[in-house]
Amino acid sequence: MRTNFTPSQLCDPHLKEAERNLRTCVHCGICTATCPTYVLTGDERDGPRGRIAMMQQMLEDGGAPSAQAVHHIDRCLSCLGCRTACPSGVDYARLVDAARLHIHDRHRRPLAERLLRWLIANVLPRPKLVRAGLWLAPLGRLLPGRLGVMARIGTGARARPGDEIWPTRTRPIMRVALIRGCVQAALAPQTDAAIARVLARRGFEAMALEGCCGALVHHMGRDAQAKAFARRLIEAFERSGAEMAMIGASGCSAHLKDMTQLFAHEPAWQARAQAFVSKTRDLLELVDATGEVSPRVAVAWQAPCSLQNGLKLADKGRQLLAACGFEVREPVESHLCCGSAGTYAILEPDLAKRLRERKRAHLAALGADIVASANIGCQQHLSGPGLPPVVHLAELVDWADGGAMPRAMR
Ligand code: SF4
Ligand code: SF4
């Protein structure tokens, strides 16, 4: 596709990268059918091809974006199903990153929306505040609209004795900095405990590294805040002495592995980020089955978008569960996002709810004993009456190893 950026615009690395991707797009529309929002609305502007056209116009114009462009780009889940489908190699992630940054810097949202976004960006990345906020969850029923959705996050979630106890090893083959993250640390500490046990049985020792990866704010276009989180995490890892870094939520894991691009303007930090990324592994890259559950348990496997389109480890997740003795069932439309998508369920509750109900119906139809995911956002978003408990895959591997049955099943 032809572009019309000025030479001075192309001095900006973000725009330069966006321009390269815009030129790669041939507007074939092959990606359209894989886009969850297009599947729901049938509106070209809610699909990748339409969004790419709007992003091009917005970035080339360089000024305040139109309300229409903001509306349709806000409705993008960043699931990256379109990137996986694209035969031309368009990196939609870089395009939408540049668009969100542009919107954040040049568009003034209504006051209520600014306040909500400020609240999300300053509460959710902090586990202590999320834990404190759990007491507000019952009040969420009374609060209207998006504030109510936010207050209801973590309804029913409580840390239990044993959640924070991790095994230690005298001579581990490697020490792994297990990054606690934000929302998962507050709502599902049992996930990291299960990961630590799974690692320990394979000779690794997990050491806790406190900190948020910054994915939540990155997807809101808050570049400076995302970089601040990334810098703190990289510094903490460098100080820790660990040989490897890992995080339990697949959305965060995908963000960690993509962190170098945050520092396109800063060569020194780019090198440190690159070194950090080279030592980052997802659980699925380290772990194979060592035991089998008995009797056989049917698991509905819903691989998060971040695992499918970011990390490309969805098949590994299915294979690992099968090797652990589970009967793995996959829902129809497994490629479509469940609507959680970081802060999307709060910011775009109507579309998120429609995607949730669609996904839950497909999962319920499988008649499984349990639903497995790899991302706390999806676990929270999908959980509820009418569906078996939704747990992190690590809890199932821990069970197959000979550990306890996941708490949600007991
Ligand atoms: S992003 Fe790829 S699949 Fe989608 S319209 Fe452009 S070239 Fe075609
Ligand atoms: S990232 Fe997902 S929601 Fe956004 S355009 Fe691509 S497929 Fe559609």
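Predicted model, so just to flag it, every value in this text is computed and none were measured. (Residues numbered from 1 in each chain as written. Chains lettered and ligands numbered in written order. Predicted model: local features only at pLDDT ≥ 70, side-chain atom pairs only at ≥ 80, totals over all residues.)

Below, the discussion takes up the site of ligand 2. By nearness alone, 14 residues border ligand 2, and C35, P48, C76, C79 and C82 come closest of all. Looking at the shell around ligand 2, the elements with two or more residues in it are helix 2 (36-41), helix 3 (48-61) and helix 5 (81-85). (Near = placed C-beta within 6 Å. Helix = DSSP H or I, 4+ residues; strand = E, 2+ residues; numbered from the N terminus.)

Turning to the sheet that holds strand 4 (residues 298-301), a few remarks are in order. Strand order across the open sheet formed by four strands is 5-4-6-7, with parallel pairing between neighbours. Both outer strands of the open sheet, strand 5 (327-329) and strand 7 (390-392), are each paired with one neighbouring strand and no more. Within this sheet the neighbouring strands show an average axis-to-axis angle of 40 degrees, counted without direction. One ladder, built from three bridges, connects strand 4 with strand 5; its direction is parallel. Note that in strand 5 the partner of A300 across the bridge is R329. Most of the contacts of helix 18 (residues 314-323) go to strand 4, to which it runs at about 175 degrees, and overall it touches strand 4, strand 5 and strand 6 (370-373). (Pairing = 2+ DSSP bridges. Axes fitted to C-alpha atoms, helices over the stretch in contact; angles between N-to-C directions. Contact = placed C-beta atoms within 7 Å.)

Our focus in this paragraph is the domain arrangement of the chain. Frequently, the measure chosen for interface size is the accessible area that the parts lose on association. Taken domain by domain, the chain comprises domain 1 (9-106) and domain 2 (289-409). Measuring from the centre of the C-alpha atoms in domain 1 to the corresponding centre in domain 2 gives 28 Å. At the junction of the two partners, domain 1 supplies 14 residues and domain 2 supplies 14 residues. Counting only elements with at least two residues in the side of domain 1 that touches domain 2, the list comes to helix 2 and helix 5. With four residues, helix 2 is the largest single contributor of residues to the side of domain 1 that touches domain 2. (Domains from an automatic or database assignment.)

Running from N to C, helix 3 and helix 6 (residues 92-106) point in directions that differ by 50 degrees, and their axes come no closer than 10 Å. Classified by the angle their axes make, helix 3 and helix 6 are oblique. Judged by the twist between their axes, the crossing of helix 3 over helix 6 is left-handed. Taken together, the residues of helix 6 that come into contact with helix 3 (itself represented by P48, I52, M55, M58 and L59) are Y92, L95, A98, A99 and H102. Its residues assigned to classes, the contact of helix 3 with helix 6 shows nine nonpolar, one polar and no charged. (Parallel < 35°, antiparallel > 145°, perpendicular 65-115°, else oblique. Left-handed = near helix turned anticlockwise from the far one by under 90°. Nonpolar A, V, L, I, M, F, W, Y, C, P; charged D, E, K, R; others polar.)

The strands making up a sheet are joined through hydrogen bonds of the backbone, oriented either antiparallel or parallel. Here we have three strands laid out as an open sheet, ordered 2-1-3, and parallel in their pairing. Whereas interior strands pair on both sides, the edge strands pair on one side only; in this sheet they are strand 2 (204-209) and strand 3 (244-247). Direction aside, the axes of adjacent strands within the sheet are offset by 35 degrees on average. Summarising the sheet, strand 1 (residues 174-179) and strand 3 pair through four bridges and their orientation is parallel. Note that in strand 3 the partner of A177 across the bridge is A245. The strands that helix 13 (residues 223-240) touches are strand 1, strand 2 and strand 3; relative to strand 2, the one it contacts most, it runs at about 135 degrees.

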